[in-house]
Amino acid sequence: MKILTLLGLVLFGLDAPIGADPCDTPSNGVQENILGIVEVYDLGYHMNSYTQSSHRMTIENRTDHAVEYKYECSHVVVIDDANDNIIVADATQEFGPHTVKPGETEWHLKTRTASLHNVRRNEDYILKTYTALRVTGGPSWGICREYGFRHE
């Protein structure tokens, strides 16, 4: 069920085209007179009890009209096996919609964490993260990062 929920967020939650993967879009640059920059960093496994990731998004409106956008910070822990699709923790969240006025810049910084208290110990896991920025009816940007760890 969590896999379907996550898939729904990725495919529909941000007005992205069906099948859009934030890992397939550029992580920064100017498109349609809008500058978008997305980052995901500081991935980690802490004190044997939780994972953490930091997400930053910047949008600069170089058009002559207001631009509406949403962004998403994905933070999912999966079992490290051949399938990589069994989710054990999910701290993904969507933000918006927001509006940036002509000539203005907005940025957002979020930290996502997932508790591992109910997750099996002495197993290998992968923290899969991404930051995605999507302009309503316009361009999108995304970046993905992964971090493997053994839950002690």
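Going by the structure above, here's the rest.
Rules of the game
Residues numbered from 1 in each chain as written. Predicted model: local features only at pLDDT ≥ 70, side-chain atom pairs only at ≥ 80, totals over all residues. Heavy atoms only, no water. Helix = DSSP H or I, 4+ residues; strand = E, 2+ residues; numbered from the N terminus. Contact = heavy atoms within 4.5 Å. Salt bridge = Lys/Arg side-chain N within 4 Å of Asp/Glu carboxyl O. Buried < 20%, exposed > 50% of the residue type's maximum accessible area, 1.4 Å probe, protein only.

**Considerations on the environment of Leu-127**
And then number 1: Among the secondary structure elements, Leu-127 is positioned in strand β8 (residues 123-135).
And then number 2: For the pair Leu-127 and Gly-148, spaced 21 residues apart in the sequence, the C-alpha separation amounts to 6.2 Å.
And then number 3: When sequence neighbours within four positions are dropped, the list of residues in contact with Leu-127 reads Leu-43, Gly-44, Thr-51, Gln-52, His-75, Val-76, Val-77, Arg-145, Glu-146, Tyr-147 and Phe-149.

**Quick notes on the pattern of salt bridges**
And then number 1: Applying the stated criterion across every chain yields a total of 4 salt bridges.
And then number 2: In this structure, Arg-56 and Glu-39 form a salt bridge, with 2.8 Å as the shortest nitrogen-oxygen distance. Here the residue Arg-56 occupies a position in strand β3 (residues 50-61), and Glu-39 occupies one in strand β2 (residues 34-46), the gap between them amounting to 17 residues.
And then number 3: Judged by relative accessible area, Arg-56 falls into the partly exposed class, the value being 30%.
And then number 4: Judged by its relative accessible area of 29%, Glu-39 falls in the partly exposed class.
And then number 5: Across the salt bridge formed by Glu-146 and Lys-128, the nearest N and O atoms sit 3.8 Å from each other.

**As for unusual backbone geometry**
And then number 1: Across the junction of Gly-96 and Pro-97, the peptide omega takes the value 10 degrees, indicating a cis bond.
And then number 2: For Pro-97, the position within the fold is in strand β6 (residues 93-100).
And then number 3: For Asp-42, which is not glycine, the phi torsion reads 55 degrees and is therefore positive.
And then number 4: Along the chain, Asp-42 turns up in strand β2.

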